[in-house]
Amino acid sequence: MNRTPGRPLRADAERSVRAILAAAERVLAEHPGATMEQIAEAAGVTRTTVHRRFANRQALVDALATEAAAKLAEAIEDGHPETAPPLVALHRATANVLRVKAAWGFALGPAAAGSEPAARIHEEIARRCVELLGRIQEQGVIAADADLEWVRRVYYALIGEVLHGQPAHGCAPAAAGTTPAGKAVAETAPGGTATAGTATALDPDALAARIVDTVLHGVGPRPAG
């Protein structure tokens, strides 16, 4: 985490940092140009406290990006990509990624892409994704001559479309199309239960199944039998 260097944080100081980062995600997602003062107010701390933990606004944004990238890595690890059956691991990791990306949209977006620690985490995530796709390829589900880096890019693109596009017809209740899918996914996490009053709550597990099916089988007709 790109904080002002110093001794390890005490538990109360660590809680303060977590509160600041959570508030920064909320505020910056709505207002990317928000100031440190606005973030401090949202976190319920003083501006001095924020500046004590983060040298400047860029340091705060970099720390936010690194925190979110770490959460993304944890979400993928929860799918046990090296040990679980590969298709099970891909589905679980995809559902987890949808939840994390929806909840940390600013921190995982282009506006916060300058953090070198976060970039290293994302590179490791991409490497592990290709390895998991390789396990699936060994099972014959992906063509033996498929470019796994290209498959990974298509997979990433589908996740991005789910989060930043509009809900697909049939994936949501009657109000589908009125709320970005990422917001609806965020409102169902954790646990996939809808926030009260959410008309377009989507199920990350169902979306993950559609993403995985599209990556592995495309949209053409299935062979008979």
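This structure is a prediction, so every number in the text was calculated from the model and none was measured. (Residues numbered from 1 in each chain as written. Predicted model: local features only at pLDDT ≥ 70, side-chain atom pairs only at ≥ 80, totals over all residues. Heavy atoms only, no water.)

Undergrad: Explain the overall build of the protein chain to me, and be specific about the residues and the numbers.
TA: The helix and strand inventory of the protein chain stands at nine helices and zero strands. Helices (α) and strands (β) of the protein chain occur, in sequence order from the N terminus, as α-α-α-α-α-α-α-α-α. Classification of the 225 residues of the protein chain by burial places 41% in the buried group. At a minimum sequence separation of 6, the contacts of the protein chain that also span at least 24 residues come to 63%. (Helix = DSSP H or I, 4+ residues; strand = E, 2+ residues; numbered from the N terminus. Buried < 20%, exposed > 50% of the residue type's maximum accessible area, 1.4 Å probe, protein only. Contact = heavy atoms within 4.5 Å.)

Undergrad: Go over the packing of aromatic side chains with me, naming the residues and quoting the values.
TA: Here the structure, examined in full by the defined rule, presents one aromatic pair. Aromatic pair Tyr 155 and Tyr 156: ring centres 6.2 Å apart, planes at 50°, arrangement tilted. Owing to a relative accessible area of 5%, Tyr 155 belongs among the buried residues under this scheme. The aromatic ring of Tyr 156 is capped on one face by Arg 152, whose charged end is 4.5 Å from the ring centroid. (Phe/Tyr/Trp six-rings, centres within 6.5 Å; stacked < 30°, edge-to-face > 60°. Lys NZ or Arg CZ within 6 Å of the ring centre and 35° of its normal.)

Undergrad: Now, about the pattern of salt bridges: what can you tell me, with residues and values included?
TA: Summed over all chains, the structure comprises 11 salt bridges. Notably, a salt bridge pairs Arg 47 with Glu 37, separated by 3.5 Å at the nearest N-O pair. One end of the pair, Arg 47, is in helix H3 (residues 47-53); the other, Glu 37, is in helix H2 (residues 36-43), with 10 residues separating them in the sequence. A salt bridge links Glu 82 to Arg 128, with the nearest nitrogen and oxygen atoms 2.8 Å apart. With Glu 82 in the loop between helix H4 (57-77) and helix H5 (86-103) and Arg 128 in helix H6 (residues 116-138), this residue pair connects regions lying 46 residues apart in the sequence. For Glu 82, a relative accessible area of 42% puts it in the partly exposed group. Residue Arg 128 is classed as buried on the basis of its relative accessible area of 15%. (Salt bridge = Lys/Arg side-chain N within 4 Å of Asp/Glu carboxyl O.)

Undergrad: Give me the side chain of Ser 16: which residues, what numbers.
TA: Position of Ser 16 among the secondary structure elements: in helix H1 (residues 11-30). Classification of Ser 16 by relative accessible area gives buried; the value is 13%. Every residue in contact with Ser 16, bar those within four places of it in the chain, is listed here: Val 45 and Thr 49.

Undergrad: Could you give me a rundown of the nonpolar core, with the residues and numbers involved?
TA: Leu 28, Phe 54, Leu 60, Leu 64 and Leu 98 are the most contacted members of the largest nonpolar core, which has 58 residues in total. The set of elements that each furnish at least two residues to this core consists of H1, H2, H4, H5, H6, helix H7 (148-164) and helix H9 (204-217). In terms of residues, this core owes the most to one element, H4, which gives 11 residues. Residues within four places of Leu 60 in sequence aside, it is in contact with Ile 20, Leu 21, Ala 24, Met 36, Ile 39, Val 50 and Phe 54. (Core = buried A, V, L, I, M, F, W, Y, C linked by side-chain atoms within 4.5 Å.)

Undergrad: Before we move on, can you summarise the packing of H5 against H9 with the specific residues and values?
TA: The axes of two packed helices give the description: the angle between them and the distance between them. Direction vectors running N to C along H5 and H9 enclose 125°, while the axes themselves pass 8 Å from each other. Viewed along their axes, H5 and H9 adopt a mutual orientation that is oblique. Relative to H9, the crossing made by H5 is right-handed. Contacts between H5 and H9 involve Leu 87, Leu 90, His 91, Thr 94, Ala 95, Leu 98 and Arg 99 from the first element and Pro 204, Asp 205, Leu 207, Ala 208, Ala 209, Ile 211, Val 212 and Leu 216 from the second. For the contact of H5 with H9, the per-class residue count stands at 11 nonpolar, two polar and two charged. (Axes fitted to C-alpha atoms, helices over the stretch in contact; angles between N-to-C directions. Parallel < 35°, antiparallel > 145°, perpendicular 65-115°, else oblique. Left-handed = near helix turned anticlockwise from the far one by under 90°. Nonpolar A, V, L, I, M, F, W, Y, C, P; charged D, E, K, R; others polar.)

Undergrad: Which residues make up H4, and what values go with them?
TA: An ideal rise of 1.5 Å per residue puts 30 Å on 21 residues; H4 measures up with 30 Å between its terminal C-alpha atoms. If you check the start of H4, you find a side-chain oxygen 3.2 Å away from the backbone N of Gln 58, and it comes from Asn 56. (Expected span 1.5 Å × (residues − 1). Polar contact = N/O pair within 3.5 Å; in protein donor to acceptor, adjacent residues only side chain to side chain.)

Undergrad: How would you summarise the side chain of Arg 152 if you had to cite specific residues and measurements?
TA: Topologically, Arg 152 is positioned in helix H7. At 2.4 Å, the side chain of Arg 152 forms a polar contact with the side chain of Glu 149. Not counting residues within four places of it along the chain, the set of residues in contact with Arg 152 comprises Ala 126, Cys 129, Val 130 and Leu 133.

Undergrad: How would you summarise the confidence of the model for the protein chain if you had to cite specific residues and measurements?
TA: The pLDDT averaged across the protein chain works out to 83; a share of 79% of its residues lies at or above 70. Across the protein chain, the secondary-structure element scoring lowest on mean pLDDT is helix H8 (residues 181-188), at 54, and the one scoring highest is H6, at 97. The low-confidence segment residues 1-7, where pLDDT is below 50, has 20 contacts with residues more than four positions distant or belonging to other chains. Note on residues 188-200: pLDDT is under 50 here. Beyond four places in sequence and across chains, it has 23 contacts. (pLDDT = per-residue confidence, 0-100.)

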